[in-house]
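Now for the letters of each chain:
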Amino acid sequence: MFDFDFKKYDCVINLIGIAEQKSGNIYNYIHSDFPSKLSSMAKKAGTKLIHISAFAPFKSKNKYVVTKRTGEKYVLENNPDAVVLKPCLMLGAGGAFISDFEKMIKYLPIVPLIGFGGAKMKPVFASDVAKFIVEAVKQNLKGGSYTLSGSEVISSKNLILKIMGFMNIKRSLLPIPPFVFKVLFFIKGFLPQFVFRTKVTSDIINMATFDVIPEKNDLTLLVPHPTKLDKGLSSILSKYKLYD
């Protein structure tokens, strides 16, 4: 991996990350050590580095968030010209949040609600993040940390209700404390396959209890008109659209 010749490229974009640590200290390697080495090599070669991390509440101390934060710190210490992007919850076709709840809404009569659904967030669409990256490369964006969020604040409960609405399916919601969800991870082998293969992890459950609303939104620096929630969800879930 580290025989990669950075000098051949004007810009390298690091999109590598994992949502669940199944063994060892993989979080630390993928989210912290690898970006650290990458940033040093890009600096030495004179190649621009764009590192994709994630925004999370500062008080959150789960391993996913801590290693992401550490990686951001290493990248900018090693390479002040690097660009670190911290998107909030990203929504897109095939993404973990949309696909998991889409399956649960389709197949379960009652949809579980992590942390009672009161946590507030400002989700951003993956398409907008992609636009930001393209413009960052074109405009040679100044090194530093940039937080990317959507323009609308919504609770996790209301976001799930919106997904149901665009799917034209009505389901009851069952609020479940986070610790109950964690217990399910120990017995998930007994659950139906579509639940067993869920991309929701214990770290995501931890974060679902916090409001995830950044104080600033740098998305509009390069994407002046972020996609509205209803428009983006309607596009992602267009296969459920009813026609006269």
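Residues numbered from 1 in each chain as written. Predicted model: local features only at pLDDT ≥ 70, side-chain atom pairs only at ≥ 80, totals over all residues. Heavy atoms only, no water.

*Asks:* Describe the environment of Asp33, naming the residues involved and giving the relevant values.
*Replies:* When you line up the elements, Asp33 lands in helix α1 (residues 26–45). Put simply, Asp33 and Val75 are 42 residues apart on the chain and 9.5 Å apart in space, counted from C-alpha to C-alpha. (Helix = DSSP H or I, 4+ residues; strand = E, 2+ residues; numbered from the N terminus.)

*Asks:* Talk me through the packing of aromatic side chains; I want residue IDs and the actual numbers.
*Replies:* Scanning the entire structure with this criterion turns up 4 aromatic pairs. Ring plane angle 75 degrees and centroid distance 5.9 Å describe the contact between Tyr27 and Tyr64, whose orientation is recorded as edge-to-face. Of the two residues, Tyr27 sits in helix α1 while Tyr64 sits in helix α2 (residues 63–78), which places them 37 residues apart along the sequence. With respect to class, Tyr27 is no different from Tyr64; both count as buried. Ring geometry for Tyr29 against Phe34: centres 6.4 Å apart, planes inclined by 50 degrees, an arrangement best described as tilted. Judged by relative accessible area, Phe34 falls into the buried class, the value being 6%. (Phe/Tyr/Trp six-rings, centres within 6.5 Å; stacked < 30°, edge-to-face > 60°. Buried < 20%, exposed > 50% of the residue type's maximum accessible area, 1.4 Å probe, protein only.)

*Asks:* I'd love a proper account of the packing of helix α3 (residues 96–107) against helix α5 (residues 156–167), names of residues and values included.
*Replies:* Packing of α3 against α5 leaves a shortest axis separation of 10 Å and a crossing angle of 65 degrees. Judged by the sense of rotation from one axis to the other, the crossing of α3 with α5 is right-handed. Across the interface between the two elements, Phe97, Ile98, Phe101, Glu102, Ile105 and Lys106 of α3 pack against Leu159, Ile160, Ile163, Met164 and Met167 of α5. (Axes fitted to C-alpha atoms, helices over the stretch in contact; angles between N-to-C directions. Left-handed = near helix turned anticlockwise from the far one by under 90°. Contact = heavy atoms within 4.5 Å.)

*Asks:* I'd like to hear about empty space enclosed by the protein, residue by residue, with values.
*Replies:* Under the defined criterion, the tally for this structure stands at 1 cavity of 30 Å³ or more. Counted as a void, the largest cavity has a volume near 30 Å³. For the largest cavity, the full set of lining residues is Pro123, Phe125, Gly150, Ser151, Glu152, Thr227 and Leu229. Considering only residue class, the lining of the largest cavity consists of 3 nonpolar, 3 polar and 1 charged. (1 Å grid on protein atoms, 1.4 Å probe; cavity = no way out; pocket = protein on both sides within 12 Å on 5 of 7 lines; lining within 4 Å. Points joined across faces, edges and corners; volume = space filled by probe spheres on them. Nonpolar A, V, L, I, M, F, W, Y, C, P; charged D, E, K, R; others polar.)

*Asks:* Pulling in residues and values, what's your account of the sheet that holds strand β2 (residues 48–52)?
*Replies:* Strand order in the open sheet made by the 4 strands is β1-β2-β3-β8, with parallel pairing throughout. Looking along the sheet, the strands with just one partner apiece sit at the ends: β1 (11–14) and β8 (144–148). Direction aside, neighbouring strands of the sheet carry axes that sit 20 degrees apart on average. In the sheet, β1 pairs with β2 via 4 bridges, with the strands oriented parallel. (Pairing = 2+ DSSP bridges.)

*Asks:* Describe the pattern of salt bridges, with residues and values.
*Replies:* Inspection of the entire model under this criterion finds 8 salt bridges. With a closest N to O distance of 2.9 Å, Lys73 and Glu77 form a salt bridge. Here Lys73 pairs with Glu77, and both are found in helix α2, just 4 residues apart, close to one helical turn. One salt bridge in this structure joins Lys138 and Glu135, with 3.9 Å as the shortest N-O distance. One end of the pair is Lys138 and the other is Glu135, both in helix α4 (residues 126–138) and 3 residues apart, which spans about a single turn. (Salt bridge = Lys/Arg side-chain N within 4 Å of Asp/Glu carboxyl O.)

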